[in-house]
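Residue-level structure breakdown
One-letter residues, chain by chain:
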Amino acid sequence: MIRRPPRSTLFPYTTLFRSTKWYIGGSAGNTDVEVAGWDDDFSIKGFGGYNINNNIAVEAAFIDFGSFDLKGSPGISIDVAGVETSVVGKLSIGRFSLFGKVGVLFWDSEEFDTIFFRGSKSGVDPAVGLGFEYNLKNSRWNIRAEWQKFQDVANSDLELISVGARFNFGIK
């Protein structure tokens, strides 16, 4: 009789995720530029994290804030994207969870004038957020809504309101 090796030998990453509290997710929303004269834009975010316990997690995300156009000046735009790292505090009530987060955003921006590249900037600035999640019954999936504020990114504060989903690894 031929013996098969255990699954953990064949798929070590699967075993890692089954035995821990990792999660991944994505969301989409709108970013508001808090400087007059710039249009808002559609944003997307991919994130992942680790639940240290039921109330604290660490999370990292890549956010594409979009391209902001200067009103009344066709062709002048700023593209902004960044990587956020944060600590998340959670309070669960049944299948609902309220959460707050604090962290930093490592951002890059590029400014364009019609078709010409005008320059780029980068920086590290504070980020805060509030939100809630709803765990789908008997599921590893959560639905998430979130508000985030990023201070002094490309000489402006940005506010992101997004809705998305989160997949929880591990055994339920």
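Everything in this summary refers to the structure shown in the same document.

Calculation criteria
Residues numbered from 1 in each chain as written. Predicted model: local features only at pLDDT ≥ 70, side-chain atom pairs only at ≥ 80, totals over all residues. Heavy atoms only, no water. Core = buried A, V, L, I, M, F, W, Y, C linked by side-chain atoms within 4.5 Å. Buried < 20%, exposed > 50% of the residue type's maximum accessible area, 1.4 Å probe, protein only. Helix = DSSP H or I, 4+ residues; strand = E, 2+ residues; numbered from the N terminus. Contact = heavy atoms within 4.5 Å. Lys, Arg positive; Asp, Glu negative; His and termini not counted. Salt bridge = Lys/Arg side-chain N within 4 Å of Asp/Glu carboxyl O. Polar contact = N/O pair within 3.5 Å; in protein donor to acceptor, adjacent residues only side chain to side chain. Patch = residues over 30% accessible without salt bridge, like charges linked within 9 Å, V, L, I, M, F, W, Y side chains within 5 Å. Areas by Shrake-Rupley, 256 points an atom, 1.4 Å probe, with all protein chains shown as cover. Pairing = 2+ DSSP bridges. Phe/Tyr/Trp six-rings, centres within 6.5 Å; stacked < 30°, edge-to-face > 60°.

Once that is clear, we can look at the nonpolar core. It is characteristic of soluble globular proteins that their nonpolar side chains tend to be buried jointly. In this structure, Phe-65, Phe-68, Val-80, Phe-150, Val-153 and Leu-158 are the most contacted members of the largest nonpolar core, which totals 22 residues. Only strand 1 (22-33), strand 3 (56-69), strand 4 (76-93), strand 5 (96-113), strand 7 (141-153) and strand 8 (156-168) provide two or more residues apiece to this core. Ranked by residue count, the leading element in this core is strand 3, at five residues. Leaving out residues up to four positions away in the same chain, Phe-68 has contacts with Thr-31, Val-33, Trp-38, Asp-39, Asp-40, Asp-41, Ile-76, Ser-77, Ile-78, Val-80 and Leu-158.

What follows concerns the side chain of Lys-90. Positionally, Lys-90 belongs in strand 4. Buried within the structure, Lys-90 lacks any salt-bridge partner; its nearest side chain of opposite charge belongs to Glu-133, at an N-O separation of 5.6 Å. Among the polar contacts made by the side chain of Lys-90, one reaches the side chain of Asn-51 at a distance of 2.5 Å. Excluding its chain neighbours within four sequence positions, the residues that come into contact with Lys-90 are Asn-51, Asn-54, Asn-55, Leu-98, Phe-99 and Arg-166.

Before going further, it helps to examine a nonpolar patch on the surface. Taken together, the side chains of Ile-52, Ile-56, Val-58, Val-87, Val-102 and Val-128 present a nonpolar region at the surface, about 460 Å² in accessible area. Position of Ile-52 relative to the elements: it lies in the loop between strand 2 (41-51) and strand 3.

As a further point, take the pairing of strand 3. Pairing analysis gives eight bridges linking strand 2 to strand 3, with the strands arranged antiparallel. Bridged to Gly-48 within strand 3 is Ala-60. The antiparallel hairpin formed by strand 2 and strand 3 contains four residues in its connecting segment. Pairing geometry for strand 3 and strand 4, over 13 bridges, is antiparallel. Looking across to strand 4, one finds that Gly-66 is bridged to Val-80. Remark: six residues form the turn of the hairpin made by strand 3 and strand 4, two consecutive strands paired antiparallel; Gly-72 in that turn has positive phi of roughly 80°.

One pass over the full model with this rule turns up 10 salt bridges. Measuring nitrogen to oxygen at the nearest pair gives 3.1 Å for the salt bridge that ties Arg-144 to Glu-59. On the criterion of sequence distance, the pair formed by Arg-144 in strand 7 and Glu-59 in strand 3 is long-range, its members being 85 residues apart. Given the relative accessible area of 3%, Arg-144 is considered buried. Taking the shortest distance from any N to any O, the salt bridge between Glu-146 and Arg-144 comes out at 3.5 Å. Judged by its relative accessible area of 4%, Glu-146 is buried. Linked by salt bridges that have partners in common, Lys-45, Glu-59, Lys-101, Glu-133, Arg-144, Glu-146 and Arg-166 make up one network.

Attention now goes to the side chain of Glu-146. Looking at the secondary structure, you find Glu-146 in strand 7. Within the structure, Glu-146 has its side chain in polar contact with the side chain of Lys-45 (distance 2.9 Å). Non-local contacts of Glu-146, meaning those with residues more than four positions away in its chain, are made with Lys-45, Phe-99, Lys-101, Leu-130, Gly-131, Leu-160, Ile-161 and Ser-162.

To continue, consider the packing of aromatic side chains. Under the criterion given, the structure shown has six aromatic pairs. Measuring from centroid to centroid gives 5.2 Å for Phe-167 and Phe-169, while their planes differ by 85°, and the two rings are edge-to-face. Judged by relative accessible area, which is 19%, Phe-167 ranks as buried. Taking the relative accessible area as the measure of exposure, Phe-169 reaches 24% and is therefore partly exposed. Members of the aromatic cluster, each reached through a chain of ring pairs, are Trp-141, Phe-167 and Phe-169.

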